[in-house]
Amino acid sequence: MSSKKNTLVLFTKYPEPGVTKTRLMQEHGGPLTGEEAAALYRAMVLDVAAVGFRALEHCRQEKIFGGDYDFFVSSSPATNMPKVQEMFETEFPSADIHYIVDQGRNFDEHFNDCYRQLFDLGYHAVVCIGGDLPIIGPEIINRAFQWLSQLEKKSGMGAMVLSPCQEGGVSLVGITKETKIDFRGVFYNADGVTALDGIMNIATRNHIPTALLESLSDVDNIEDLGHTITVINAMAYTAQFQSDIMIPRRTIAIIRQVGLFACTQPNESLDPRDKIDD
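Criteria and cut-off values
Residue indices follow the written sequence of each chain, beginning from 1 at its first position. For this predicted model, a pLDDT threshold of at least 70 governs which residues receive local features, and a threshold of 80 or more governs which side-chain atom pairs are given and counted, while totals over whole chains, interfaces and linings are taken from all residues. Computation of side-chain values covers all heavy atoms of the structure but excludes hydrogens and water. To qualify as a helix, a DSSP run of H or I must reach at least 4 residues; to qualify as a strand, a run of E must reach at least 2; elements of each kind are numbered from the N terminus. Taken over C-alpha atoms, the radius of gyration is set against a globule rule of 2.2 Å times the number of residues to the power 0.38. Exposure is judged per residue with a 1.4 Å probe applied to protein chains only, and the accessible area is read against the type maximum: over 50% gives exposed, under 20% gives buried, and values in between give partly exposed. Only heavy atoms matter for contacts: two residues are in contact if any of them lie within 4.5 Å across the pair. All accessible-area figures derive from a Shrake-Rupley calculation using a 1.4 Å probe, and residue coverage is judged against the displayed protein chains alone. In this tally Asp and Glu are treated as negative and Lys and Arg as positive; neither His nor the chain ends contributes. Here the site of a charge means atom NZ of a Lys, CZ of an Arg, CG of an Asp or CD of a Glu. Any Lys or Arg side-chain nitrogen located within 4 Å of an Asp or Glu carboxyl oxygen qualifies as a salt bridge. To estimate how far a helix should reach, multiply one less than its number of residues by 1.5 Å. Any two strands between which DSSP finds at least two bridges are classified as paired. Working convention: axes come from line fits to C-alpha atoms, limited for helices to the stretch in contact. Angles between N-to-C directions cover 0 to 180 degrees. Each Phe, Tyr or Trp ring, with Trp reduced to its six-membered ring, pairs with another whose centre is within 6.5 Å; inter-plane angles below 30 degrees give stacked pairs, above 60 give edge-to-face pairs, and intermediate values give tilted ones.

Focus: the overall build of the chain
Across its full length, the chain carries 7 helices and 7 strands. When the helices and strands of the chain are placed in sequence order, the string is β-α-β-α-β-α-β-α-β-β-α-β-α-α. Here the chain has a C-alpha radius of gyration of 20 Å; the compact-globule value for 278 residues is 19 Å, and the two agree. With respect to the principal axes defined by its C-alpha atoms, the chain has extents near 60 × 50 × 45 Å. Per-residue burial over the chain gives 50% buried out of 278 residues. In the chain, the share of contacts with a sequence separation of at least 24, taken over all contacts with a separation of at least 6, comes to 70%. Per element, the accessible surface of the chain, about 14,200 Å² overall, is 50% carbon and sulfur. Across the chain, the centroid of the 24 positively charged side chains sits 7 Å from that of the 37 negatively charged ones.

Here it is, written out as structure tokens:
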């Protein structure tokens with residue numbers, strides 16, 4: 001079997017205080033200062049990268065698509081790229097990391113440009129993930145590449161794999177070079193169509209073979225953060241029984257340093273089961 005070049009790309013920005021994860025900041029009703037929000041995002045991005053490295057090791061061992069895999073970071077603007085590179089190379093000095101600067105007038109165009117650049121570089125399958133996914137594990141990335149490999153064999157229309165997040169978005173998007181998809185108008189549109197619905201509409205129109213993986217929550221607001229904290233707490237315990245769980249240690253360290261914890265409203269309603277819910 002001939003080997004094809006494939007890549008996992010981390011689509012991110014440099015964690016700049018005051019402009020990163022602003023919905024988690026105190027001025028927007030969140031618990032964090034601008035510096036703390038940036039530190040949290042930095043920790044999450046690096047934890048996600050560590051999971052990505054582990055996932056690609058497995059892909060190479062399993063020889064999915066022939067086993068030729070690279071790791072990319074896609075970021076913008078170009079003026080921040082030296083800081084982005086320093087952040088990753090300081091944390092992972094021995095890792096083989098490649099970098100591209102995505103360009104465009106809005107998020108959708110930047111996302112399109114990321115794929116375009118990688119396909120122009122000769123990559124066949126590209127799986128893209130965000131940096132705010134500290135609960136991600138290597139296995140879902142492995143399955144994303146496996147699904148792309150399986151699906152493209154059944155059609156000449158390429159292949160796509162998706163992992164949804166909350167609020168109708170997507171946390172993971174993988175496509176092959178032949179896949180006819182344009183993300184303009186998907187993530188930001190005037191019609192109120194969710195990103196997941198928008199992508200599925202394109203897949204339906206273009207008859208793109210598509211696989212849907214389990215939901216993968218990202219961290220945008222305080223509710224997301226509370227959910228993520230509870231999941232991370234569970235991961236910290238269950239990792240001793242599940243070898244595929246990678247504890248996001250950097251994220252945990254920031255959460256503990258800041259003193260964050262999740263809670264819920266007290267509920268004294270016993271919900272007697274002899275009554276039918278309205």
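Regarding the side chain of Ser163
Relative to the elements of secondary structure, Ser163 occurs in strand S5 (residues 160-164). When sequence neighbours within four positions are dropped, the list of residues in contact with Ser163 reads Ile140, Val170, Ser171, Leu172, Leu213, Glu214, Ser215 and Leu216.

A short note on the pattern of salt bridges
Under the criterion given, the structure shown has 13 salt bridges. Linking Asp120 and Arg116 is a salt bridge whose minimum nitrogen-to-oxygen distance equals 2.9 Å. Of this pair, Asp120 and Arg116 both sit in helix H3 (residues 107-120), 4 residues apart, roughly one helical turn. Residue Arg184 pairs with Asp182 through a salt bridge whose shortest N-O separation is 2.6 Å. By relative accessible area, Arg184 is classed as exposed at 53%. Note on Asp182: relative accessible area 30%, which makes it partly exposed.

A look at helix H1 (residues 34-62)
Helix length check: H1, at 29 residues, gives a terminal C-alpha distance of 42 Å against a target of 42 Å (1.5 Å per residue), a fit within 8%. Lys63 lies just past H1 and shows a positive phi near 55°.

Overview of unusual backbone geometry
For the bond running from Ser76 to Pro77, omega is 0°, close enough to zero to count as cis. Counting through the fold element by element, Pro77 comes out in the loop between strand S2 (68-75) and helix H2 (81-91). Phi is positive for Phe65, which is not a glycine, with a value near 60°. In this fold, Phe65 is placed in the loop between H1 and S2. The exposure class assigned to Phe65 is buried, which follows from its relative accessible area of 5%.

Observations concerning the sheet that holds strand S6 (residues 170-176)
Taken together, the 7 strands give an open sheet; going across it, the order is S3-S2-S1-S4-S6-S5-S7, and neighbouring strands pair in mixed fashion. Edge positions in the sheet fall to strand S3 (97-101) and strand S7 (210-212), since each of these pairs with one other strand and no more. On average, adjacent strands in this sheet sit at an angle of 20° to one another, irrespective of strand direction. Where S5 lies against S6, 5 bridges are found, and the strand directions are antiparallel. In the sheet register, Pro164 faces S6, and the bridge partner there is Val170. Strands strand S1 (5-11), S2 and S3 of the sheet are contacted by H2, whose axis makes an angle of about 160° with S3. Against the sheet, H3 engages S1, S2, S3, strand S4 (125-130) and S6, with an angle of about 155° to S1.

Thoughts on the packing of aromatic side chains
By convention here, two paired aromatic rings are described through the distance between centres and the angle between planes. Following the criterion strictly, the structure yields 16 aromatic pairs and no others. Their ring planes at 80° and their centres at 5.2 Å tell us that Phe111 and Tyr115 sit as a pair that is edge-to-face. Within this pair, Phe111 and its partner Tyr115 are both found in helix H3, separated by 4 residues, close to a single helical turn. Here Phe111 and Phe183 contribute two aromatic rings whose centre-to-centre distance is 4.9 Å and whose plane-to-plane angle is 75°, an arrangement assigned as edge-to-face. In this pair, Phe111 is assigned in helix H3 and Phe183 in the loop between S6 and helix H5 (195-206), connecting sequence segments 72 residues apart. One exposure class covers both Phe111 and Phe183, and it is buried.

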